[in-house]
Structures are given as structure tokens and as C-alpha cells.
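Residue-level structure breakdown
Each chain is listed here by its residues.
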Amino acid sequence: MVIVKTVNNNVVISQNPVSGEELVLIGRGIGFQKKTGDEIDESKIQKQFHPAHHKNSDQYMALLEKIPFEYMRVADDIIAYAKCSLGKPLDEKIQVSLTDHLAFAIDRAKQGIVFKNALLWEIKRFYNHEFLIGKEAVAMVRQRLEVELSEDEAGFFALHIVNAELDMDMGKSIQMTGMIEDIIKIVRYHFQIAMNDDSLTYERFLTHLKFFVQRAVTGRYYRTEDMELFMMVTKKYPQAYECALKICDYVEQKLHYRITEEELLYLTVHIERIREQETIS
């Protein structure tokens, strides 16, 4: 392969030898003192991607031009670790959002500027797995770049991962987090219970809320045709159904999103499990 364009010392543009498509090659020193037409030292290639296959390629290329090579390497390793730890793919936009945030966070830290994460407590509770990945990201930065980032930054990294899991932007993820907290408060106050945050029932309820609120924030609906089951559940669990209706009113006021009977059905069932557990304990 030969160089079509040198972006910087660590990034060059070539062509896929099979398809002829533009190919971005990344590696330490791959573009050092190189010009158009020069042969590429393929042993230096550490990463490659086809811009035509990535919707955020322009933003990512802009980042590659301005951020240090090691920042990009650490960001790639954080993303790879997140995918492995979660056992699921992440939306490709995280390549841009997390890399950009990492570079900005490091620059702030070097200037002694610390941003407080107002949602840190909620992130720890509602997205604990992602927060632990964020803490590992902070550890990677400390070990490899010798920059100390705060626990608040671990929370910000976690939100970027949540965004990529749910294919949402940062604003909606922040809105989601606040709404989950409000809904849990509604359940607590309705039944005057504390809730055991460590219980499996609570974890199941929290998981349901994440996807329920995601659908509400993005305007999506969950539908089934089992109205007989809906009528049976609402009659069998009237207290839980009453609480679910309060949540319905809250969501409608907040988002102008009308919860379907199907959503109410599953919300009622999860609330009943919480109510039963707290009554027994």
C-alpha cells in the first residue's frame, strides 16, 4: 500500500487494495517524514478503518488530527474494555464522544480544573457496571498517561458508555437518569418504603425502568395485544396499579408521552414485586 495523504506523524490515508475505498491507517510514526506515493510500513499499522463505513468519520478524523496519539490509544482500549466487560456491542459514536471527552478531561486536569458531576450519585446507583468501567478508565489514564482524573470523570465516562449502549445523546441520558430517580421516589413515597438497593427484585425493577424511560425519552412504544392479562393484573394488584398510574401522570407531564396499557402492565408487575418484598422484610 502507498500513502495517498499524510494527516500527521501517526495517521495516513491510503486505499483499500481490493475495493479501492479510502482507508485510514493509524500507528505510531506511520506518517513521519512521509509524503504522497511513499510505501507504507505495514508493521506500524495499529488500527485501520474505512471512513465510508462510519457515520462519524469526519469528526473522528478531526480528532485524530489534533489529539496526541497516546490519548487515542487509551480511548480505544477503554472502549474495547467496555465492550468486553458488558458483553455487547456499542454504538460507533462512542469512538468520537469518549475520545473527545478523554482529551478534554486530561487538558482540564493538567490545568487543575475539576468539573463536578451532579449526577455522580445516581450514576453509581443506576449504572453501576458502567461506573466501574469508568473507574477502570480513570485507572488506565493514571497508569499510562500519568494524569490523575477524579471520580467525577469516572461518572462522565460511564454516561458516554450508557449513551452508546442505548444509542442516545448525552442530553437524553442525563434526562433519563433524573427521571429514573424521580420514578423511584414516587414508588417510595407511595408505599412509604425504603427499598433494598441490593436485592435482586430492585435490580430487576431498575433494569425495567432503564428501558421503559429510554422508550419514553425517545418516543418509542412497547405494545402487545394481551388486554386480558392487563385487566387481570390491574385487578389483582390494585395498589401497584395505582402507583403505576402516578408514574404515568409524571411521565406524561414531563415528556408528553402517554404510557400504553402494555407499559402499565409490566410496570405494575415490577412495582408489585417491590411492594411484596418490602412488606415481607
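Let us look at the structure shown here. Values in this document were obtained by computation on a predicted structure and should not be read as measured data.

Conventions we followed
Residues numbered from 1 in each chain as written. Predicted model: local features only at pLDDT ≥ 70, side-chain atom pairs only at ≥ 80, totals over all residues. Heavy atoms only, no water. Axes fitted to C-alpha atoms, helices over the stretch in contact; angles between N-to-C directions. Helix = DSSP H or I, 4+ residues; strand = E, 2+ residues; numbered from the N terminus. Left-handed = near helix turned anticlockwise from the far one by under 90°. Contact = heavy atoms within 4.5 Å. Nonpolar A, V, L, I, M, F, W, Y, C, P; charged D, E, K, R; others polar. Expected span 1.5 Å × (residues − 1). Salt bridge = Lys/Arg side-chain N within 4 Å of Asp/Glu carboxyl O. Buried < 20%, exposed > 50% of the residue type's maximum accessible area, 1.4 Å probe, protein only.

Let's shift gears to the packing of helix α8 (residues 200-218) against helix α10 (residues 238-255). It is at 10 Å that the axes of α8 and α10 come closest, and there the two elements cross at 35°. Handedness of the crossing formed by α8 with α10: right-handed. Contacts from F212, A216 and V217 in α8 reach I247, V251 and L255 in α10. Grouping the constituent residues of the contact of α8 with α10 by class yields six nonpolar, no polar and no charged.

On to unusual backbone geometry, then. Phi at Q33 is positive, roughly 55°, even though this residue is not glycine. Summarising the element assignment, Q33 is placed in the loop between β3 (22-26) and β4 (47-49).

In a regular helix each residue adds 1.5 Å, so 17 residues correspond to 24 Å; helix α3 (residues 94-110) covers 24 Å between its end C-alpha atoms and thus fits that length. Buried residues in α3 make contact with β4, α1 (57-66), α2 (69-86), α5 (128-145) and α6 (151-166). Downstream of α3 by a residue or two, G112 has a phi angle that is positive, lying close to 75°.

What follows covers the pattern of salt bridges. Opposite charge on two side chains lets them pair, provided their charged atoms get close. What the rule picks out here adds up to 15 salt bridges. The partner of E148 in a salt bridge is R142, and the shortest N-O contact between them spans 3.0 Å. You can call R142 partly exposed: its relative accessible area is 37%. Each of R125, E181, R188 and D197 takes part in salt bridges that share partners, so that together they form one network.

For the rest of this paragraph, the subject is the environment of R73. Relative to the helices and strands, R73 resides in helix α2. Sequence-distant contacts of R73, defined by excluding residues within four places in its chain, comprise Q46 and R144.

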